Amino acid sequence: MAHSGSSKSSKAYKKNPSSAAKKRAYDRAYSKKNYGSKAGDTAKKRQHNNDSAERWSARKKAGIAGKGGPDMSHTKGGRMVKENKTKNRGRNGKNGKSTKK
């Protein structure tokens, strides 16, 4: 896999390169189907691309684009601020489902 982590799945993929290759192929096909050249002009693709562009421009404005560092997180008022990755992703929960609602 591209990222080396310590989750159960990343450990399993390290032990099983053929499974990792299958997953990469699936991920590529899924991404292309939903967000890439084969997606057509869907609302899902437009929203994804707009969100991605917004995050990138906020990172450029904050001077952290392409350098790793903190996440850019939306406040309740809609502004984008720098926030520790662990806090941001932990609050937003697994698969984007908040644990704090």
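This one's a predicted model, so the numbers in the text were calculated from it and none came from an experiment.

## Examining the overall build of the protein chain
Then comes step 1: Assigned secondary structure in the protein chain consists of 4 helices and 2 strands.
Then comes step 2: Beginning at the N terminus, the succession of helices and strands in the protein chain can be written as α-α-α-β-β-α.
Then comes step 3: Out of the 101 residues in the protein chain, the part that is buried amounts to 14%.
Then comes step 4: Sequence-distant contacts in the protein chain: of pairs separated by 6 or more residues, those separated by 24 or more amount to 3%.
Then comes step 5: When the accessible area of the protein chain is evaluated, it comes to approximately 8200 Å², of which 52% is carbon and sulfur surface.

## Looking at the packing of helix H1 (residues 8-15) against helix H2 (residues 17-35)
Then comes step 1: At a minimum axis separation of 5 Å, H1 and H2 run at an interaxial angle of 115 degrees. For the pair H1 and H2, the contacting residues are Tyr13, Lys14 and Lys15 in the first and Pro17, Ser19, Ala20 and Lys23 in the second.
Then comes step 2: Residue composition of the contact of H1 with H2, grouped by class: 3 nonpolar, 1 polar and 3 charged.

## Concerning helix H3 (residues 43-62)
Then comes step 1: With 20 residues, H3 should reach 28 Å at 1.5 Å per residue; the first-to-last C-alpha distance of 28 Å fits that figure.
Then comes step 2: The set of residues buried in H3 consists of Lys45, Ala58 and Arg59. Down the axis of H3, the smallest arc covering the buried residues is 165 degrees, so these residues share one side. Turned more than 90 degrees off the buried face of H3, the exposed positions are Ala43, Lys60 and Lys61.
Then comes step 3: Downstream of H3 by one or two residues, Gly63 has phi in the positive range, about 80 degrees.

## So, the pairing of strand S2 (residues 80-83)
Within a regular strand, side chains alternate between the sheet's two faces.
Then comes step 1: Pairing of strand S1 (residues 71-74) with S2 involves 4 bridges; the strand directions are antiparallel. Within the sheet, the bridge partner assigned to Ser73 lies in S2 and is Val81.
Then comes step 2: Hairpin connection of S1 to S2: 5 residues between the antiparallel strands, including Gly78 at a positive phi of 100 degrees.

About the cut-offs
Residues numbered from 1 in each chain as written. Predicted model: local features only at pLDDT ≥ 70, side-chain atom pairs only at ≥ 80, totals over all residues. Heavy atoms only, no water. Helix = DSSP H or I, 4+ residues; strand = E, 2+ residues; numbered from the N terminus. Buried < 20%, exposed > 50% of the residue type's maximum accessible area, 1.4 Å probe, protein only. Contact = heavy atoms within 4.5 Å. Areas by Shrake-Rupley, 256 points an atom, 1.4 Å probe, with all protein chains shown as cover. Axes fitted to C-alpha atoms, helices over the stretch in contact; angles between N-to-C directions. Nonpolar A, V, L, I, M, F, W, Y, C, P; charged D, E, K, R; others polar. Expected span 1.5 Å × (residues − 1). Arc of directions from axis to C-beta. Pairing = 2+ DSSP bridges.

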